[in-house]
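Fold and contact review
The lines below spell out each chain.
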Amino acid sequence: MIDKFVADPAAAVADVHDGATVLVGGFGGAGMPTELLHALIEQGARDLTVVSNNAGNHETGLAALIKAGRVRKVICSFPKASHSWVFDELYRQQRIELECVPQGTIAERLRAAGAGLGGFYTPTGAGTDLARGKETRVIDGREYVFEHALPGDFALVKADQADRWGNLTYRMSARNFGPVMCMAARTAIVQVREQVELGALSPEAIVTPGIFVQRVARVEHAGFSS
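Keep in mind that this is a model prediction, so the values were computed, not measured.

1. Regarding the environment of Val-86
Topologically, Val-86 is positioned in helix α4 (residues 85-92). Here the alpha-carbon distance between Val-86 and His-38, two residues 48 residues apart in the chain, equals 16 Å. Excluding its chain neighbours within four sequence positions, the residues that come into contact with Val-86 are His-58, Glu-59, Ala-63, Ile-66 and Lys-67.

2. Details of the sheet that holds strand β6 (residues 119-122)
Pairing is antiparallel in the open sheet, where 3 strands are placed in the order β6-β8-β7. Single-partner strands in this sheet number two, and they are β6 and β7 (136-139). Sheet twist, expressed as the mean angle between neighbouring strand axes with direction ignored, is 35°. Bridge analysis of β7 against strand β8 (residues 142-148) gives 4 bridges, and the strand direction is antiparallel. Counted as the bridge partner of Arg-137 is Tyr-144 from β8.

3. A look at the pattern of salt bridges
Within the structure shown, the criterion is met by 14 salt bridges. A salt bridge links Glu-59 to Lys-67; the shortest N-O distance between them is 2.6 Å. Taken together, the salt bridges that share partners define one network made up of Asp-47, Arg-72 and Glu-97.

4. Brief notes about helix α5 (residues 103-114)
Along its 12 residues, α5 runs 17 Å from first to last C-alpha, staying within 8% of the 16 Å computed at 1.5 Å per residue. Residues Thr-105, Ile-106, Arg-109, Leu-110, Ala-112 and Ala-113 constitute the buried set of α5. Seen along its axis, α5 keeps its buried residues to an arc of 160°; they face one direction.

5. Observations regarding the nonpolar core
Counting 32 residues, the largest nonpolar core has Val-16, Leu-65 and Ile-66 as its most contacted members. Those elements that place two or more of their residues in this core are β2 (21-24), α2 (34-43), β3 (48-51), α3 (62-67), β4 (71-76), α4 and β9 (152-162). The residues touching Val-16, leaving out its near neighbours within four places in the chain, are Val-22, Leu-40, Gln-43, Ala-45, Leu-48, Phe-154 and Ile-189. If you look at the next biggest cluster of nonpolar residues, it comprises 29 residues, including Ala-155, Ala-159, Cys-182 and Ala-185.

6. Concerning the state of the cysteines
Counted according to the given criterion, the structure contains 0 disulfides. Counting only cysteine sulfurs, Cys-76 is the nearest neighbor of Cys-182, a cysteine outside any disulfide, at a range of 20 Å. Given the relative accessible area of 1%, Cys-182 is considered buried.

7. Some words on the packing of aromatic side chains
For the structure on display, the rule yields 2 aromatic pairs. Between Phe-87 and Tyr-91, the ring centres sit 5.6 Å apart and the planes meet at 15°, which makes this aromatic pair stacked. Within this pair, Phe-87 and its partner Tyr-91 are both found in helix α4, separated by 4 residues, close to a single helical turn. We classify Tyr-91 as partly exposed; its relative accessible area is 41%. Aromatic pair Tyr-121 and Phe-146: ring centres 5.1 Å apart, planes at 65°, arrangement edge-to-face.

8. Here's the deal with unusual backbone geometry
Excluding glycine, residues mostly carry a negative phi; peptide bonds, for their part, are mostly trans. With a phi close to 55°, His-58 is a non-glycine residue in the positive phi region. Following the sequence through the fold, His-58 ends up in the loop between β3 and α3. Assessed through its relative accessible area of 43%, His-58 is described here as partly exposed.

9. Observations concerning the side chain of Thr-105
On the secondary structure map, Thr-105 appears in helix α5. Thr-105 has contacts with Phe-120, Thr-122, Thr-124 and Glu-147, leaving out every residue within four places of it along the chain.

About the thresholds
- Residues numbered from 1 in each chain as written.
- Predicted model: local features only at pLDDT ≥ 70, side-chain atom pairs only at ≥ 80, totals over all residues.
- Heavy atoms only, no water.
- Helix = DSSP H or I, 4+ residues; strand = E, 2+ residues; numbered from the N terminus.
- Contact = heavy atoms within 4.5 Å.
- Pairing = 2+ DSSP bridges.
- Axes fitted to C-alpha atoms, helices over the stretch in contact; angles between N-to-C directions.
- Salt bridge = Lys/Arg side-chain N within 4 Å of Asp/Glu carboxyl O.
- Expected span 1.5 Å × (residues − 1).
- Buried < 20%, exposed > 50% of the residue type's maximum accessible area, 1.4 Å probe, protein only.
- Arc of directions from axis to C-beta.
- Core = buried A, V, L, I, M, F, W, Y, C linked by side-chain atoms within 4.5 Å.
- Disulfide = S-S within 2.5 Å.
- Phe/Tyr/Trp six-rings, centres within 6.5 Å; stacked < 30°, edge-to-face > 60°.

Take a look at the structure:
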């Protein structure tokens, strides 16, 4: 019998290894898998490369992981915000690396990884510092930059409901990068508010099919505040 649920967030992240590339869902606080991230801090993996929309908020979730000194590099679209002081301080001290990627490009790089593609050409970033060192090509008179796919060893994602096969639904904007990150990771780890019986989810409501999910932990008290 297929049952992808594990006992708790600690069991879900137990095999995340040093040096892993970890895709972390969330748009600010919306959809941030906070409990999985805190479990990862307790687990102890370090030297991580984290791919996320931004570089953490306040001192919880991703920001807490960064503050704990577990992250070597952040790949994100929005590293600077009024509530990202943890990353900002470490970056100013040259204690953490940054690769800044436009938001649409980071989403497409993740999607390309999930689709088995090596990369794609985009006009975004052409002629700027973001294109430095990258292959460029003129197509129909317009310059394009080649962007490589962005796979992860693990994805940490927050969803709303899941059945034991790992089929997922999301709540409103908390969905954000979750679906493409589940596709792009070798091991997708998901925390959910509710476990439902197999067959309870309408096929029309399932956003991420269980084929893209390897592990699920129920976090009953998980909220959805931004």
